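So the chains spell out like this:
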Amino acid sequence: MNPRLLKNTLTAICVVMLLNYVCGAVDVEDGQWPPTAIPGILRITQFPVMKVIEHIQQAKKTLVSFEILPPLKGKTISSIYDHLDPLMEFKPSFINVTYHRSETMFKKKADGTFEKVEVRKRPGTVGICAAIMNHYQIDAVPHLICGGFAKRETEDALIDLHFLGIDNVLVLRGDAAKNEASFEAEPDGHRYALDLLKQVVNLNHGLYIEEDIKNGGKTNFCIGVAGYPEKHFEAPNLETDLKFLKAKVDAGAEYITTQMFFDNGKYFEFVKSCRKHGINVPIIPGLKPITNKKQLTMLPKVFHVDLPTDLSDAIMKCKNDDEVEQIGTEWLIQQSKELKQSGVPVLHYYTLGKPKVIWNVVKEIA
Ligand SMILES: Cc1cc2nc3c(=O)[nH]c(=O)nc-3n(C[C@H](O)[C@H](O)[C@H](O)COP(=O)(O)OP(=O)(O)OC[C@H]3O[C@@H](n4cnc5c(N)ncnc54)[C@H](O)[C@@H]3O)c2cc1C
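Residues numbered from 1 in each chain as written. Predicted model: local features only at pLDDT ≥ 70, side-chain atom pairs only at ≥ 80, totals over all residues. Heavy atoms only, no water.

Novice: Can you help me understand the overall build of the chain in this one?
Specialist: Of regular secondary structure, the chain possesses 12 helices and 10 strands. Evaluated residue by residue, the chain yields a buried proportion of 45% over its 366 residues. By element, 54% of the accessible surface of the chain is carried by carbon and sulfur atoms, the whole surface being about 19,300 Å². (Helix = DSSP H or I, 4+ residues; strand = E, 2+ residues; numbered from the N terminus. Buried < 20%, exposed > 50% of the residue type's maximum accessible area, 1.4 Å probe, protein only. Areas by Shrake-Rupley, 256 points an atom, 1.4 Å probe, with all protein chains shown as cover.)

Here it is, written out as structure tokens:
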């Protein structure tokens with residue numbers, strides 16, 4: 001053999017073995033080569049990765065999960081660990097990581113003119129999921145959106161997730177871009193979460209966009225979708241919204257995570273309506289604490305949710321945001337206790353930069 005070729009081959013083998021060893025990727029039994037694990041799949045984790053639906057099915061009590069945002073560009077992964085470290089004592093079953101599309105911005109140039117640039121302020125969803133699974137040995141659920149993605153880019157993103165051993169996704173449409181009046185799909189992208197979900201299901205069956213890929217490798221995603229106890233703001237009524245939600249479940253969604261709500265009655269009614277419409281998958285309540293006065297107007301405006309009068313009255317009487325945070329914490333504790341008592345599968349907390357508040361809540365109900 002050509003000595004240069006031999007040297008290159010040995011180097012390549014060593015690099016791959018080292019990578020696999022460092023990443024716990026494949027089990028090379030007694031130096032056996034090639035390794036026995038599925039070729040091409042770089043598993044970053046050494047714990048048994050579970051799907052959200054498996055966590056729910058195997059649970060003997062209400063589980064806890066958290067949702068985080070990627071940090072603003074420029075911050076490091078340690079900001080995620082600082083955020084999550086204190087919450088680990090509650091042994092969350094999984095951690096969701098949101099996805100944020102790019103925004104069009106106009107940057108002033110040295111000559112005084114403006115340049116149009118596409119900026120993603122919070123990149124890193126996939127990397128953070130991989131880091132969480134590696135660092136905490138906890139399942140991560142990346143959010144996947146239609147907005148800003150062509151179907152081929154979605155396929156590539158799904159392949160990345162699969163190769164990393166991430167078997168969970170929350171499939172969403174995403175909101176309109178900041179400069180759009182309403183949501184606009186990419187020229188070759190998906191219009192509704194349902195269409196994106198069908199692409200993920202296809203890949204689970206080994207069906208790729210490239211039709212010449214025959215017998216393609218199958219992915220193994222557990223798919224969750226969003227639901228809205230107070231209806232999605234674009235839907236003409238709850239009935240119509242539920243019809244589309246049922247279509248997502250019929251197409252393969254295995255569970256629903258809800259938009260935040262502050263009145264448990266709305267969640268209980270929603271679950272009842274879902275069951276009446278034949279939506280029988282687990283419905284995970286999404287929960288968020290109120291921590292400042294501005295949210296009294298911001299939450300209804302941005303998330304299209306109502307605040308109960310008792311809560312808004314109490315917040316209006318607060319002299320400062322510390323008092324608001326106290327009220328918000330107590331409210332969320334009561335909400336969580338009642339939901340847990342009613343037997344919800346998971347309490348899913350939107351931590352949104354407030355891990356201390358979430359810690360104060362979960363310690364009361366854990
Ligand atoms: C738990 C949760 C997590 C979220 N995470 C993120 C995130 O990480 N990143 C992000 O950008 N956004 C996120 N969002 C926000 C979400 O993207 C928006 O609420 C978005 O406006 C709708 O997303 P969807 O997946 O519910 O859309 P869809 O299910 O597509 O529904 C959107 C609207 O279209 C209607 N509709 C659905 N199908 C059809 C059809 N075939 N024909 C006509 N109308 C139809 C529905 O009734 C609804 O009014 C999240 C929301 C929730 C509840």
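Having seen the model, we can carry on.
Novice: Mind showing me how you'd approach the pattern of salt bridges here?
Specialist: As enumerated under the stated definition, the model contains 11 salt bridges in all. With a shortest N-O distance of 3.8 Å, aspartate 188 and lysine 151 are connected by a salt bridge. With aspartate 188 in the loop between strand E6 (168–172) and helix H6 (193–204) and lysine 151 in helix H5 (residues 151–164), the pair connects residues that are 37 residues apart, well separated along the chain. Between glutamate 364 and lysine 363 there is a salt bridge; the shortest N-O distance is 3.1 Å. Look at the salt bridges and you will find they share partners, linking Glu103, Lys121 and Lys178 into a network. (Salt bridge = Lys/Arg side-chain N within 4 Å of Asp/Glu carboxyl O.)

Novice: Explanation requested: the sheet that holds strand E1 (residues 63–68) in the structure shown.
Specialist: The pairing of strands in a sheet happens through backbone hydrogen bonds and is either parallel or antiparallel. Here eight strands make up a closed barrel; going around it, the order is E1-E2-E5-E6-E7-E8-E9-E10 and the pairing parallel. Adjacent strand axes in the sheet meet at a mean angle of 30 degrees when their direction is disregarded. Bridge analysis of strand E7 (residues 222–227) against strand E8 (residues 255–260) gives four bridges, and the strand direction is parallel. Paired with alanine 226 across the two strands is threonine 257, which belongs to E8. (Pairing = 2+ DSSP bridges. Axes fitted to C-alpha atoms, helices over the stretch in contact; angles between N-to-C directions.)

Novice: How should the confidence of the model for the chain be read in this particular structure?
Specialist: Predicted coordinates in areas of low pLDDT are best not read in detail. Scored by pLDDT, the chain comes out at a mean of 90, with 88% of its residues at no less than 70. Low pLDDT (under 50) marks residues 1–40, which in the prediction has 26 contacts with non-local residues, meaning those over four places away or in another chain. (pLDDT = per-residue confidence, 0-100. Contact = heavy atoms within 4.5 Å.)

Novice: Whenever I open this one, the site of the ligand confuses me. Can you help?
Specialist: The local shell around the ligand holds 23 residues, among which Asp175, Tyr228, His232, Asp241 and Lys248 are the closest. For the ligand, an oxygen atom lies 2.7 Å from a polar atom in the side chain of aspartate 175. Separating an oxygen atom of the ligand from a side-chain N or O atom of aspartate 241 is a distance of 2.7 Å. Elements represented by at least two residues in the shell around the ligand include exactly strand E5 (139–145), E6, helix H7 (238–251) and E8. Taken together, the residues that form the shell around the ligand break down as 11 nonpolar, seven polar and five charged. (Near = heavy atom within 4 Å. Polar contact = N/O pair within 3.5 Å; in protein donor to acceptor, adjacent residues only side chain to side chain. Nonpolar A, V, L, I, M, F, W, Y, C, P; charged D, E, K, R; others polar.)

Novice: Teacher, can you tell me more about the nonpolar core here?
Specialist: Generally speaking, nonpolar side chains in soluble globular proteins are found buried as a group. Ranked by internal contacts, the top residues of the largest apolar core, which has 65 residues, are Leu84, Ile132 and Tyr349. Element by element, the count of residues in this core is highest for helix H4 (residues 125–136), at seven residues. With residues near it in sequence (within four places) discarded, tyrosine 349 still touches Val64, Ser65, Phe66, Glu67, Leu287, Leu332, Ser336, Ile358, Val361, Val362 and Ile365. Among the nonpolar cores identified, the runner-up in size contains 16 residues, and Ile53, Phe149, Leu170 and Ala226 belong to it. (Core = buried A, V, L, I, M, F, W, Y, C linked by side-chain atoms within 4.5 Å.)

Novice: Sorry, what's going on with the side chain of lysine 248 here?
Specialist: Along the chain, the position of lysine 248 falls in helix H7. At 6.9 Å, aspartate 241 is the nearest oppositely charged side chain to lysine 248, a buried residue that forms no salt bridge. Looking at lysine 248, its side chain comes within polar contact range of the main-chain oxygen of alanine 226, at 3.3 Å. Beyond its immediate chain neighbours, meaning those up to four positions away, lysine 248 contacts Ala193, Leu194, Leu197, Val225, Ala226 and Ala253. (Lys, Arg positive; Asp, Glu negative; His and termini not counted.)

Novice: How should I be thinking about empty space enclosed by the protein in this particular structure?
Specialist: Take a probe with the size of a water molecule and roll it over the atoms, and the empty space left behind shows itself. Counted by the stated rule, this structure contains one cavity of 30 Å³ or more. A volume near 40 Å³ is recorded for the largest cavity. Forming the walls of the largest cavity are Tyr228, Pro229, Glu230, Lys231, Gln259, Met260, Phe303, His304 and Val305. Tallied by class, the residues present in the lining of the largest cavity amount to five nonpolar, two polar and two charged. (1 Å grid on protein atoms, 1.4 Å probe; cavity = no way out; pocket = protein on both sides within 12 Å on 5 of 7 lines; lining within 4 Å. Points joined across faces, edges and corners; volume = space filled by probe spheres on them.)

Novice: Would you explain the packing of aromatic side chains in this entry?
Specialist: The geometry of an aromatic ring pair is captured by the separation of the ring centres together with the interplanar angle, meaning the angle of the planes. This model, assessed by the stated rule, comprises six aromatic pairs. Ring centres of phenylalanine 90 and tryptophan 359 lie 6.2 Å apart, and the angle between their planes is 50 degrees; this geometry places the pair in the tilted category. With phenylalanine 90 in the loop between helix H3 (78–84) and strand E2 (94–97) and tryptophan 359 in helix H12 (residues 355–365), this residue pair connects regions lying 269 residues apart in the sequence. Look at phenylalanine 90 and you get buried, because its relative accessible area is 12%. Overall, the relative accessible area of 23% leaves tryptophan 359 in the partly exposed class. Taken together, a centroid distance of 5.8 Å and an interplanar angle of 70 degrees make the contact between tyrosine 267 and phenylalanine 268 edge-to-face. (Phe/Tyr/Trp six-rings, centres within 6.5 Å; stacked < 30°, edge-to-face > 60°.)

Novice: Help me understand helix H9 (residues 295–303) in this model?
Specialist: Along an α-helix, residues three or four positions apart point the same way, because every turn accommodates 3.6 residues. Among the residues making up H9, those that are buried are Gln295, Leu296 and Leu299. All buried residues of H9 fall inside an arc of 105 degrees around its axis, so they share one side. Away from the buried face of H9 by more than 90 degrees, exposed residues Thr297 and Lys301 are located. Where H9 is buried, its residues meet E8 and helix H10 (309–316). Residue histidine 304 follows H9 closely and has a positive phi angle near 60 degrees. (Arc of directions from axis to C-beta.)

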